[in-house]
Amino acid sequence: MNILISISPTYKFGIDENQILEVLPNPVYTYPENLPGFSSFAVEYKGKKLPVISLAKLTNEEMIEDMESPIIVSEIEPEGVQFGLSGGWIQNIVPAAADQLHDLPLTIKSKMSRKFLWGLLVKKEDLILLINLDELLTAGELRTLIAFYQTDSSA
Amino acid sequence: MEKMTDTPDKERPSIKRYQELISKNTQIDVKDNTEETDLRKVIIFRLGNEWYGVLLKDVFEIVDIIKIYRIPCVPDYIKGVTNLRGNVVSIIDLKVFFGIGEGFEKEASEKCIVIVKCGLLQTGFMADFVEDVYSIDFYKLDAPISTIESEKAQYIVGENKMGERFLTIIETKAILEATSMQ
């Protein structure tokens, strides 16, 4: 498994490369009227407008300039709904061996208000928080995202 | 993610002291328990200006403050996780958990993490200073007083006066279970 490392001012996140469709280093921003509440802007991607989810907003992190960071394009399974993800600077892609992958401690797993972390990657002294992009949104937010594509004719 | 200390383990004088404290778990009490006494070894540490204790048998290890990685979307009392020689351990700030103010620390600090373990549950408690291991008579413990929020009293075994100090004994298992439940 290869993990893309994305760094924000507070966190070091890791995303399974297989969950990423593309990384847009210089995205074209757009502002559809019916954007979901969890999105501040969208990006053009293969003729579609993809609402961008801000990791900084989801994690209540001190806001960084989302529009300065590259956008990760992903697709939520099994619904097949695409979205963009902002909020970090991409550092590199690293291989992850099975013995470097750890479960979240029960204290963390049981108390998380959002369940988008699936584990931790331990690399020597470093520790990377592994995100499951399929679990990034709540069920309600996912319905809102699906509704966006159904109602936005330009999307 | 800030690194709290860059001093290599082998250079830290506190490491040897922590190992000596933990080794007291294997030493035998001078005075045997009788019907009138219930002596148990307790490791004493300071949070702000208050003194707390946990049963030595529940303490797995004491380590200097090490790099703590913050985790999003968790309660404030969870400071994050640390990589302890390849093992991932969650870190709890008992001052936040118990609602104890930081206050003005009258005494010098030697901040560390007390790793506690009950069954499969394990976590680290942040401490401002670990003092020593004492034998405490649990028959002589008083009920928790009002320094702790009432709903947090369930995590306290009892309190005791040690000289000028007020010592609060923590129910480690109860905290581990409460912080690990959905």
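The coordinates are above.
Residues numbered from 1 in each chain as written. Chains lettered and ligands numbered in written order. Predicted model: local features only at pLDDT ≥ 70, side-chain atom pairs only at ≥ 80, totals over all residues. Heavy atoms only, no water.

J.: How should I be thinking about helix H3 (residues 139-151) of chain A in this particular structure?
T.: Every α-helix carries 3.6 residues per turn, so stepping three or four residues along brings you back to the same face. All names here are of chain A. The end-to-end C-alpha separation of H3 is 18 Å, in line with the 18 Å expected for 13 residues at 1.5 Å each. Those residues of H3 that fall on the buried side of the exposure criterion are Glu141, Leu142, Leu145, Phe148 and Tyr149. Axial view of H3: buried residues confined to an arc of 110 degrees, hence all on one face. The exposed set on the far side of H3, more than 90 degrees from its buried face, consists of Ala139, Arg143, Gln150 and Thr151. (Helix = DSSP H or I, 4+ residues; strand = E, 2+ residues; numbered from the N terminus. Expected span 1.5 Å × (residues − 1). Buried < 20%, exposed > 50% of the residue type's maximum accessible area, 1.4 Å probe, protein only. Arc of directions from axis to C-beta.)

J.: How should I be thinking about the sheet that holds strand E7 (residues 121-127) of chain B in this particular structure?
T.: Residue and element names in this part refer to chain B. The five strands are arranged E3-E6-E7-E5-E4 in an open sheet whose pairing can be described as mixed. The outermost strands of the open sheet, each flanked by one partner alone, are strand E3 (59-64) and strand E4 (78-84). On average, each strand axis in the sheet is inclined to that of its neighbour by 30 degrees, with strand direction left out of account. Strand direction decides the pairing type here: strand E6 (residues 112-118) and E7, joined by seven bridges, are antiparallel. By the bridge assignment for E7, Ile113 is matched with Met126. (Pairing = 2+ DSSP bridges. Axes fitted to C-alpha atoms, helices over the stretch in contact; angles between N-to-C directions.)

J.: What is the right way to look at the pattern of salt bridges in this model?
T.: Side chains that differ in charge, positive against negative, can pair when their charged atoms come close. Summed over all chains, the structure comprises nine salt bridges over all chains. Measuring nitrogen to oxygen at the nearest pair gives 2.6 Å for the salt bridge that ties Lys12(A) to Asp126(A). Of this pair, Lys12(A) sits in strand E2 (residues 12-16) while Asp126(A) sits in strand E12 (residues 126-131); the two residues are 114 residues apart in sequence, bridging distant segments of the chain. The pair formed by Lys12(A) and Asp126(A) is uniform in burial state, with each residue classed as buried. For Glu61(B), the salt bridge goes to Arg85(B), with nearest N and O atoms at 2.9 Å. Residue Glu61(B) is found in strand E3, and its partner Arg85(B) is found in the loop between E4 and strand E5 (87-92); the two are separated by 24 residues along the sequence. Salt bridges sharing partners connect three or more residues here, namely Lys95(B), Lys111(B) and Asp128(B). (Salt bridge = Lys/Arg side-chain N within 4 Å of Asp/Glu carboxyl O.)

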